[in-house]
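Chains, contacts and geometry: an overview
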Amino acid sequence: MSLTNDQIRQYEQEGYVFPVDVLTASEVAACRDSLEAAEAKNGGKLPPAYRAKSHLLFKWLDDVIRDERVLSPIKQLIGPNILCWNTIFWIKDAGSESFVSWHQDNTYWGLSSDKVITAWLALSPAQTENGCMRVMPGTHRGESLTHEDRYHTDNMLTRGQEITRGVDDAHAVHMPLMPGQMSIHNYRLAHASGPNSGVDRRIGVSMHFMPADTEQIVGDWDSAALVSGEDKFQAFEHTPRPTRDFDPAIMAFQVKASDAVSQILYNGATANTAKL
Ligand SMILES: O=C(O)CCC(=O)C(=O)O
């Protein structure tokens, strides 16, 4: 459950660690069933607003962001007082052309900290052929790279934002995962993923953890779940906890919270593609 000293050193130097075992086969199957039941109820696909702040919709996900198997490595990297800013589903059906262009998340999330960590949990096989994530080692330590909004229709990112210079795919590291495993990367690390040429869907959920002293510098209001320790700063409204999937008592909060994130992500963009 804990990272070794070598893994911590690798995270600091290279910006990523994988694979980390999190859920058992039966736990991950139950999460996938719950997600796919929700997709079936919504015409086969999660509506864009359900892709973000999804821990407010799925009780199992609210439990996963607080699970020691997830949090223990995060605490080793950013300390004991931790907020989970967001949770986002990344789903590529078998044969899908969907991809994610090279990007750094610090350039558009409006968060003040350099220490934000993405933990990406696989709910189905995420191998190279499925379009697993790939990263550019060490890019979290330099200046932010220049991005351009390209709005490619198959790009899963809101604006199709893409690094214009400074990444060379020949040096990329793929991060294949089995269902129930997660990868961890610093949100300043350049990352991308390709189409899914495999036979199963590639389903992942990203969980974005930050130290409690982080501020939101783009949006006027934002929310986060307090998942460990204490929050002396109160810069984010703490998200309520669902008592079951699609808990009617907190659905209005989820709409407000995912809408606030969407406004942050599209801030300054020339078009809103309604992907989140
Ligand atoms: O799932 C993917 O392929 C990309 C995910 C991503 O960009 C992220 O978690 O920040």
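Owing to the predicted nature of the structure, the values given are computational and were not obtained by experimental measurement. (Residues numbered from 1 in each chain as written. Predicted model: local features only at pLDDT ≥ 70, side-chain atom pairs only at ≥ 80, totals over all residues. Heavy atoms only, no water.)

1. Digging into the overall build of the protein
Scanning the protein from N- to C-terminus turns up six helices and 13 strands. Its C-alpha atoms give the protein a radius of gyration of 17 Å, within 12% of the compact-globule value 19 Å for 276 residues. Reported as C-alpha extents along the three principal axes, the dimensions of the protein are approximately 50 × 45 × 40 Å. Counting only residues that meet the buried cut, the protein has 55% of its 276 residues in that class. Taking the intrachain contacts of the protein between residues at least 6 apart in sequence as the baseline, contacts between residues at least 24 apart amount to 83%. (Helix = DSSP H or I, 4+ residues; strand = E, 2+ residues; numbered from the N terminus. Rg over C-alpha atoms; globule rule 2.2 N^0.38 Å. Buried < 20%, exposed > 50% of the residue type's maximum accessible area, 1.4 Å probe, protein only. Contact = heavy atoms within 4.5 Å.)

2. With respect to the layout of surface pockets
The space that makes up the largest pocket amounts to roughly 430 Å³. Along the wall of the largest pocket there are 20 residues; nearest its centre are Lys45, Arg51, Ile91, Ser98 and Met156. Mapped onto the lining of the largest pocket, the elements with two or more residues apiece are helix 3 (48-51) and strand 2 (82-92). In terms of residues, the lining of the largest pocket owes the most to one element, strand 2, which gives three residues. Class assignment for the residues of the lining of the largest pocket results in seven nonpolar, five polar and eight charged. (1 Å grid on protein atoms, 1.4 Å probe; cavity = no way out; pocket = protein on both sides within 12 Å on 5 of 7 lines; lining within 4 Å. Points joined across faces, edges and corners; volume = space filled by probe spheres on them. Nonpolar A, V, L, I, M, F, W, Y, C, P; charged D, E, K, R; others polar.)

3. Quick word on the site of the ligand
In the vicinity of the ligand, the contacting residues are Trp90, Val100, His103, Asp105, Thr118, Trp120, Met133, His191, Ser193, Arg202 and Ser206. At 3.3 Å, a side-chain N or O of His103 approaches an oxygen atom of the ligand. Residue Trp120 places a side-chain N or O atom 2.9 Å away from an oxygen atom belonging to the ligand. Protein contacts shield 100% of the accessible area of the ligand, which totals 290 Å² for the unbound molecule. Of all the cavities here, the one that holds the ligand is the largest cavity. Those elements that provide at least two residues to the shell around the ligand are strand 3 (100-103), strand 4 (117-122), strand 10 (191-193) and strand 11 (202-211). Here the residues of the shell around the ligand are counted per class, giving four nonpolar, five polar and two charged. (Near = heavy atom within 4 Å. Polar contact = N/O pair within 3.5 Å; in protein donor to acceptor, adjacent residues only side chain to side chain. Areas by Shrake-Rupley, 256 points an atom, 1.4 Å probe, with all protein chains shown as cover. Sits in = over half its atoms within 2 Å of the grid points.)

4. Comments concerning unusual backbone geometry
Glycine aside, the phi torsion of most residues is negative, and most peptide linkages are trans. With an omega of -15°, the peptide bond between Phe18 and Pro19 qualifies as cis. Summarising the element assignment, Pro19 is placed in strand 1 (residues 16-21). For Lys53, which is not a glycine, the phi torsion comes out positive at approximately 50°. On the secondary structure map, Lys53 appears in the loop between helix 3 and helix 4 (59-64). Owing to a relative accessible area of 0%, Lys53 belongs among the buried residues under this scheme. With a phi angle near 55°, Phe246 is a residue other than glycine that sits in the positive phi range.

5. Some thoughts on helix 2 (residues 25-41)
Spanning 17 residues, helix 2 covers 24 Å between terminal C-alpha atoms, matching the ideal 24 Å at 1.5 Å per step. Following helix 2 by one or two positions, Gly43 has its phi on the positive side, about 75°. (Expected span 1.5 Å × (residues − 1).)

6. A closer look at helix 6 (residues 251-265)
Because an α-helix completes one turn every 3.6 residues, residues spaced three or four positions apart along the sequence face the same direction. In this model, helix 6 (15 residues) spans 21 Å end to end at C-alpha, consistent with the 21 Å of a helix rising 1.5 Å per residue. If you check which residues of helix 6 are buried, you get Met251, Phe253, Gln254, Ala257, Ser258, Ala260, Val261, Ser262, Ile264 and Leu265. Buried residues along helix 6 sit against helix 3, strand 2, strand 12 (223-228) and strand 13 (237-238).

7. Remarks on the sheet that holds strand 8 (residues 173-174)
In spatial order, the strands read 3-10-5-8; together these four strands make up an open sheet with antiparallel pairing. Two strands close off the open sheet at either side, each with one partner strand: strand 3 and strand 8. As paired strands, strand 5 (residues 133-135) and strand 10 are joined by three bridges and run antiparallel to one another. Within the sheet, the bridge partner assigned to Val135 lies in strand 10 and is His191. (Pairing = 2+ DSSP bridges.)

8. Overview of the pattern of salt bridges
The final tally for this structure, using the stated rule, is 19 salt bridges. As a salt-bridge pair, Asp169 and Arg134 come within 2.9 Å of each other at their nearest N and O atoms. Taken together, the positions of Asp169 in the loop between strand 7 (161-163) and strand 8 and Arg134 in strand 5 put the pair 35 residues apart, joining distant regions of the chain. Asp169 gets classed as partly exposed once you look at its relative accessible area, which sits at 42%. (Salt bridge = Lys/Arg side-chain N within 4 Å of Asp/Glu carboxyl O.)

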